[in-house]
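Commentary on secondary and tertiary structure
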Amino acid sequence: MGPNPREKYPIPGNKNVQFINNTITKSNIIVGDYSYYDALNGESFEDQVLYHYEVLGTKLIIGKFCSIAPETRFVMGGGNHRMDGSTYPFNIFRNGWEAYTPALEQLPLKGDTIVGNDVWIGRRATIMPGVHIGDGAIIGAESVVVKDVEPYTIVGGNPAKEIRKRYSPEIMEEWLEISWWDFDIAIIIQNIEAIVSGDIESLRKMKIISDLK
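Scope of this entry: the structure provided in the associated data block.

What counts as what
Residues numbered from 1 in each chain as written. Predicted model: local features only at pLDDT ≥ 70, side-chain atom pairs only at ≥ 80, totals over all residues. Heavy atoms only, no water. Helix = DSSP H or I, 4+ residues; strand = E, 2+ residues; numbered from the N terminus. Areas by Shrake-Rupley, 256 points an atom, 1.4 Å probe, with all protein chains shown as cover. Pairing = 2+ DSSP bridges. Patch = residues over 30% accessible without salt bridge, like charges linked within 9 Å, V, L, I, M, F, W, Y side chains within 5 Å. Salt bridge = Lys/Arg side-chain N within 4 Å of Asp/Glu carboxyl O. Core = buried A, V, L, I, M, F, W, Y, C linked by side-chain atoms within 4.5 Å. Buried < 20%, exposed > 50% of the residue type's maximum accessible area, 1.4 Å probe, protein only. Contact = heavy atoms within 4.5 Å. Expected span 1.5 Å × (residues − 1). Arc of directions from axis to C-beta. Phe/Tyr/Trp six-rings, centres within 6.5 Å; stacked < 30°, edge-to-face > 60°.

Attention now moves to the overall build of the protein chain. A tally of regular secondary structure across the protein chain gives 4 helices and 15 strands. Seen through its principal axes, the protein chain has C-alpha atoms that stretch 65 × 40 × 30 Å. Just so you have it, the protein chain exposes about 11900 Å², and 53% of that area is on carbon and sulfur atoms.

In structure tokens:
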């Protein structure tokens with residue numbers, strides 16, 4: 001049957017691994033089924049999403065079946081300061097200085113932060129505002145991701161740079177076309193061995209069956 005995607009803690013007796021979409025309270029965080037965060041010391045995934053203010057209108061969007069290791073941080077656009085003059089945020093101290101609150105168009109906002117499906121993010125990685133991480137990508141531990149990551153690409157370092165592609169261009173294209181994470185969960189369960197072993201031939205057949213339903 002597999003774990004219940006509506007459970008907060010899907011592993012019995014384990015209060016660290018949490019299905020993220022059952023823990024979030026903010027409407028500007030959207031997470032697909034089965035994506036999990038491995039927490040430490042009882043913190044929630046939202047504790048790792050910094051400077052994420054609804055008034056800015058940007059979102060953190062994470063796909064399905066993502067693996068996010070402990071202490072991963074998402075730095076969102078609310079942490080940005082005005083940059084056309086002094087970067088000092090006079091307005092936050094009020095007492096008359098609130099008159100200098102910048103308009104949204106004066107801030108260097110970079111839009112939504114988007115993580116695809118089946119992405120693995122290593123421990124203590126930091127994802128900066130507006131970054132798009134493609135399906136099947138791997139982010140090395142303690143990386144600082146400051147620009148977009150292509151699908152099925154391994155990156156690492158500070159700033160994170162491409163280490164290698166996981167597959168040939170032809171195979172990567174096929175993985176993206178198959179998009180197994182969008183199949184009905186019953187079909188996924190029946191084909192987990194093919195998914196985890198990268199059995200493309202079986203996955204092609206799985207897609208045909210899924211498309212017929």
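A few words on the sheet that holds strand β8 (residues 113-115). Spatially, 4 strands are ordered β2-β5-β8-β11 in an open sheet, and the strand pairing comes out parallel. Of all strands in the sheet, those with a lone pairing partner are β2 (29-31) and β11 (132-133), marking the two edges. With 3 bridges joining them, strand β5 (residues 60-62) and β8 adopt parallel strand pairing. Looking across to β8, one finds that Leu60 is bridged to Thr113.

To continue, consider a nonpolar patch on the surface. Taken together, the side chains of Tyr88, Phe90, Ile92, Phe93, Trp97 and Tyr100 present a nonpolar region at the surface, about 660 Å² in accessible area. Here Tyr88 lies in the loop between β7 (73-75) and β8.

With that settled, the discussion passes to the nonpolar core. Among the nonpolar cores identified, the biggest contains 26 residues, and Phe45, Leu60, Ile62, Ile68, Phe74, Ile133 and Ile139 are the most heavily contacted of them. Mapped by element, the contributors of at least two residues to this core are β2 and β5. For Phe74, the residues in contact, after removing those within four places along its chain, are Phe45, Gln48, Val49, Leu50, Leu60, Ile62, Ile68, Thr113, Val115, Ile121 and Ile127. In terms of nonpolar packing, the next biggest core, distinct from the first, is built from 17 residues, Phe19, Tyr34, Phe183 and Ile195 among them.

As a further point, take the sheet that holds strand β9 (residues 120-121). The 7 strands lie next to each other as β1-β3-β6-β9-β12-β14-β15, forming an open sheet whose pairing is mixed. The sheet is open, and its two borders are formed by β1 (17-19) and β15 (161-165), each paired with just one other strand. Of the pairings in the sheet, the one linking β1 to strand β3 (residues 36-38) comprises 3 bridges and is antiparallel in character. Note that in β3 the partner of Val17 across the bridge is Asp38.

Counted according to the given criterion, the structure contains 11 salt bridges. A cluster of three or more residues bridged by salt bridges with shared partners is formed by Glu71, Arg123, Arg124 and Glu142.

Residue position: Ile163 is located in strand β15. Separated by 10 residues in sequence, Ile163 and Thr153 place their C-alpha atoms 7.7 Å apart. Discounting chain neighbours no more than four positions away, the residues touching Ile163 are Ile154, Val155 and Gly156.

Look at helix α4 (residues 200-212): 18 Å from first C-alpha to last across 13 residues, which is about the 18 Å you get at 1.5 Å a residue. Ile200, Leu203, Met206 and Ser210 are the residues of α4 that are buried. Projected down its long axis, α4 shows its buried positions confined to an angular sector of 105°, all on one face. Along α4, the residues that are exposed and aim more than 90 degrees away from the buried face are Lys205, Ile208 and Leu212. Where α4 is buried, its residues contact α1 (169-178), α2 (185-190) and α3 (192-197).

Let us now look at α1. Of all the residues in α1, the buried ones are Met172, Glu174, Trp175 and Ile178. On an axial view of α1, the arc spanned by its buried residues comes to 160°, and they lie on one face. Residues of α1 that are exposed and point over 90 degrees away from its buried face: Pro169, Glu170, Glu173 and Glu177. Contacts made by the buried residues of α1 are with β15, α3 and α4. Backbone geometry just after α1 places Ser179 at a positive phi near 45°.

We now examine the packing of aromatic side chains. The final tally for this structure, using the stated rule, is 13 aromatic pairs. Centroid distance Phe19 to Tyr34: 5.7 Å. Interplanar angle 80°. Geometry classified as edge-to-face. Note that Phe19 is positioned in strand β1 and Tyr34 in the loop between β2 and β3, a separation of 15 residues in sequence. Residue Phe19 is classed as buried on the basis of its relative accessible area of 6%. On the accessibility criterion, Tyr34 (15% relative accessible area) is buried.

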